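Spelled out, the chains give:
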Amino acid sequence: MIALAVKASVALDIINSSASTHLSLNKVYDVTKFLEDHPGGDEVLLSATGKDASDDFEDVGHSSSARAMMDEFYVGDVDTTTVPTKTQYIAPKQPHYNQDKTSEFVIKLLQFLVPLVILGVAVGIRFYTKSSA
Ligand code: HEM
């Protein structure tokens, strides 16, 4: 079993060492330094962090040399039961654009009035240029 975990800005990869023990321990890999060099790209690694990444890892069919490389990033073990099988996506907070607290009503009114004013000016110009020609 493989799992990835992100702790602060550190990307951790967790891989099962012994499935037969009562307390299933998983190996944890810190792949932070490997993000840029990973042949499969950093995005897949990051998407597999913070959870059990066993399936993600196995689905790719990593070579034996890829498996050998993992020792380099091994940092410790974690109890499987504490590792989520899925990570919950938390959308980043949207910045608050209406900083000056202009009332929503005024904004809506302006959104309606400004095009009308532009149209009025255009019609006025057209009317004026036509009549003076
Ligand atoms: C410490 C953990 C990992 C190591 C050392 C590692 C290493 C490698 C290496 C050496 C390759 C080149 C192909 C090969 O030799 O098999 C590779 C490819 C790849 N890896 Fe990983 N990988 C790790 C974790 C992961 C995880 C968790 C995922 C999935 C979320 C992943 C997805 C991929 C993908 C998509 C490719 C590209 C396969 C291709 O285009 O043929 N890897 N990885």
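Residues numbered from 1 in each chain as written. Predicted model: local features only at pLDDT ≥ 70, side-chain atom pairs only at ≥ 80, totals over all residues.

For the protein, an unreviewed UniProt entry supplies the name Cytochrome b5 and the organism Olea europaea subsp. europaea. Comment text from UniProt for the protein, heading Sequence similarities (unreviewed entry), reads "Belongs to the cytochrome b5 family." (UniProt positions renumbered as here; feature names shortened; annotations may be inferred.)

## What about the overall build of the protein?
Of regular secondary structure, the protein possesses four helices and four strands. Helices and strands appear in the protein in the N-to-C order β-β-β-α-α-α-β-α. Split into buried and exposed, the 133 residues of the protein put 19% on the buried side. Residue pairs in contact within the protein that sit at least 24 positions apart in sequence constitute 58% of those at least 6 positions apart. (Helix = DSSP H or I, 4+ residues; strand = E, 2+ residues; numbered from the N terminus. Buried ≥ 20, exposed ≤ 12 C-beta atoms within 10 Å, placed from the backbone. Contact = placed C-beta atoms within 7 Å.)

## A short note on the UniProt feature "transmembrane region" (unreviewed entry) in the protein
Using the residue numbers shown here, the UniProt feature "transmembrane region" (unreviewed entry) corresponds to residues 109–128. With 100% helix and 0% strand, residues 109–128 has end C-alpha atoms that lie 28 Å from one another.

## Observations concerning the site of the ligand
Taken together, 21 residues form the shell around the ligand, and within it Gly 40, Ala 48, Asp 56, Ser 63 and Ala 66 come nearest. Elements with a minimum of two residues in the shell around the ligand: helix H1 (42–47), helix H2 (54–60) and helix H3 (64–69). Within the shell around the ligand, the residues separate by chemical class into 14 nonpolar, five polar and two charged. (Near = placed C-beta within 6 Å. Nonpolar A, V, L, I, M, F, W, Y, C, P; charged D, E, K, R; others polar.)

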